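# Secondary and tertiary structure notes
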Amino acid sequence: MKKFTPTAMVLGLLLFLSGCGATATRGKAPTTLKEGLNRHFHIGTALNHHHLHGTDTKGLEIVKEQFSAIVAENCMKSMYLQPKEGEFFFGDADKFVEFGERNSMHITGHTLIWHSQAPGWLFTDDAGNDVSPEVLKKRMRNHIHTVVSRYKGRVKGWDVVNEAILDNGEYRDSKFYQILGEEFIPLAFQYAYEADPDAELYYNDYNEWHVGKRDAIIKMANSLRERGIRIDGIGMQGHVGMNYPSIGDYKAAIDAYANAGLKVMVTEFEVSILPHPGRRVSSNIADTEAYRNEIDPYREGLPDSARIAWEERMLDFFSLFIESSDKLTRVTLWGVTDGDSWKNNFPVRGRTDYPLLFDREYNAKPVVQKIIELGRTNK
Ligand code: G3I
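A short tour of the structure in this document, coming up.

The rules behind the values
Residues numbered from 1 in each chain as written. Predicted model: local features only at pLDDT ≥ 70, side-chain atom pairs only at ≥ 80, totals over all residues. Heavy atoms only, no water. Axes fitted to C-alpha atoms, helices over the stretch in contact; angles between N-to-C directions. Helix = DSSP H or I, 4+ residues; strand = E, 2+ residues; numbered from the N terminus. Parallel < 35°, antiparallel > 145°, perpendicular 65-115°, else oblique. Left-handed = near helix turned anticlockwise from the far one by under 90°. Contact = heavy atoms within 4.5 Å. Core = buried A, V, L, I, M, F, W, Y, C linked by side-chain atoms within 4.5 Å. Buried < 20%, exposed > 50% of the residue type's maximum accessible area, 1.4 Å probe, protein only. Salt bridge = Lys/Arg side-chain N within 4 Å of Asp/Glu carboxyl O. 1 Å grid on protein atoms, 1.4 Å probe; cavity = no way out; pocket = protein on both sides within 12 Å on 5 of 7 lines; lining within 4 Å. Points joined across faces, edges and corners; volume = space filled by probe spheres on them. Pairing = 2+ DSSP bridges. Near = heavy atom within 4 Å. Polar contact = N/O pair within 3.5 Å; in protein donor to acceptor, adjacent residues only side chain to side chain. Areas by Shrake-Rupley, 256 points an atom, 1.4 Å probe, with all protein chains shown as cover. Nonpolar A, V, L, I, M, F, W, Y, C, P; charged D, E, K, R; others polar.

At a minimum axis separation of 10 Å, helix α10 (residues 211-226) and helix α11 (residues 247-259) run at an interaxial angle of 10°. With respect to α11, the axis of α10 lies roughly parallel. Read as a crossing pair, α10 and α11 show a hand that is right-handed. In contact with Arg214, Ile217 and Ile218 of α10, α11 contributes Ala252, Ala253, Ala256 and Tyr257.

The next subject is the nonpolar core. Core analysis: the largest hydrophobic core is formed by 105 residues, its most contacted members being Met76, Trp158, Phe318 and Phe321. At 9 residues, helix α13 (residues 304-323) tops the list of elements feeding residues into this core. What Phe321 contacts, discounting residues up to four positions off in sequence, is Phe41, Tyr250, Val266, Phe269, Leu328 and Val331.

This brings us to the pattern of salt bridges. Summed over the entire model, instances satisfying the criterion amount to 26 salt bridges. A salt bridge links Arg292 to Asp296, with the shortest nitrogen-to-oxygen separation between them at 3.3 Å. Judged by relative accessible area, Asp296 falls into the buried class, the value being 1%. Note that Glu373 is salt-bridged to Arg376, the shortest N-O span being 2.8 Å. Of this pair, Glu373 and Arg376 both sit in helix α14 (residues 366-377), 3 residues apart, which is roughly one turn of that helix. Classification of Glu373 by relative accessible area gives partly exposed; the value is 33%. Take Arg376: its relative accessible area is 40%, and that puts it in the partly exposed class. A network of salt bridges, in which partner residues are shared, links Lys251, Asp255, Asp326 and Lys327.

Of the voids in this model, the largest pocket is the one considered here, and its volume is about 700 Å³. Lining the largest pocket are 36 residues, and of these His239, Trp342, Lys343, Phe346 and Pro347 lie nearest its centre. Of all the secondary-structure elements, those providing two or more residues to the lining of the largest pocket are β3 (106-114) and β7 (239-240).

What follows covers the pairing of strand β2 (residues 69-72). Here β2 shows no split at all, with Ala69 and Val71 on one side and Ile70 and Ala72 on the other all buried. In this structure, strand β1 (residues 42-47) lies alongside β2, joined through 4 bridges in parallel fashion. The residue of β2 that forms the bridge with Ala46 is Val71. Judged from the 3 bridges that link them, β2 and β3 form a sheet pairing that is parallel. Each residue of the ladder has a partner; that of Ala69, found in β3, is His106.

On to the site of the ligand. Neighbouring the ligand are 15 residues; Glu73, Lys77, His110, Glu163 and Glu268 lie closest to it. One nitrogen or oxygen atom from the side chain of Lys77 is found 2.7 Å from an oxygen atom belonging to the ligand. Contact distances for the ligand include 2.8 Å between a nitrogen atom and a side-chain N or O atom of Glu163. Contact with the protein chains covers 50% of the free accessible surface of the ligand, which is 790 Å². A breakdown of the residues in the shell around the ligand according to their chemical character gives 4 nonpolar, 7 polar and 4 charged.

Before going further, it helps to examine empty space enclosed by the protein. Counting across every chain of the model gives 2 cavities of 30 Å³ or more. Together, Ile113, Trp114, His115, Val161, Asn162, Glu163, Ala164, Arg172, Ser174, Phe176 and Phe184 line the largest cavity. Of all elements in the fold, only β3 and β4 (157-162) reach the threshold of two or more residues within the lining of the largest cavity. If you add up the space inside the second largest cavity, you get close to 40 Å³. Every residue lining the second largest cavity is listed: Ser78, Leu112, Ile113, Trp114, Ala118, Leu122, His143 and Phe176. Examining the composition of the lining of the second largest cavity, we find that 3 residues originate from one element, β3, more than from any other. Its residues assigned to classes, the lining of the second largest cavity comprises 6 nonpolar, 2 polar and no charged.

Encoded structure:
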């Protein structure tokens, strides 16, 4: 019979106790999203201006209690960080990062290079003409180096380039593309890597399940890596509705990005329950009223039938995320309460949507406990 050395016996005892410890931990039912999901992936949310300026303390309490990751909804976009060439404003971004550090959260920077919310000066010379490729490269490099090095070792991942590819796989005809062609993407990733070699570097986009876009993103990522340029992961924004995309299409996209050797994150998730506005509004006021009721049907609240359908849709996605947790490193909601959501104003201003996990009274929706339970009992 094999004799156990004292070391082996102590090690065995420690392993047994740690197992018991795990059992004891497992015995305490998780009561928050991060307790229920953290063994699968980071569960995150987006901080807005009100969170950072202390005018939404209730929302911030929910962030601290429920989430393990945060992303800046707006304050780290180039138009806010460098509104004028050489003039940086880091006040809000510093508050955002310091909050994340104080609460031991995974911090993501959003977003270094994006055609939208970029300051006009970035692309134009004093005469208002497009700058040369060399000037734009210099300006991109200075912006990225200044921002990323400021938060080196603190911001764990950056949305380096956002929304550069169209649903059909073509490149967006942005000023970045018009002046530098496809090269602006590898340049952006190279500059970010130079500034913080330890940060994860992501490409982030919406409609990321469209096959044309999906395959073009993978082709772009492969071309960067073939050139020895660091890209770690793909951010699937996850702005979904009740009927699009199918869970199968979304799963196929997660699998495709993962099979390409990329980390995958859901970065701006919400489920909008509002119909997409179709026809144009007629001048007839009665038609307008009817149209208003059609595209903004839940102004007075969500009927049970709609709430149940929305909850099922949300749980379908979280079941997919947990089932895919070997491929997903983070799932981030694009806001805390329904009142925070950009979907109340896009694609139609002033509507009432219910896309997030906490309601306008800062209460956790019933689906939150069901998600926690899903996380506890699956995989
Ligand atoms: O802060 C000003 C306020 O002072 C001013 O009174 C008000 C007037 O409208 O504007 C406020 O700024 C708004 C800002 O959000 C903060 O609320 C901007 O107008 C508005 O354009 C901006 O919208 C943001 C949008 O990006 C800009 O494109 C949304 O909050 C934000 O949720 C949204 O997020 C993007 C991601 O970054 C990238 N993926 C798509 C997603 C949705 O568009």
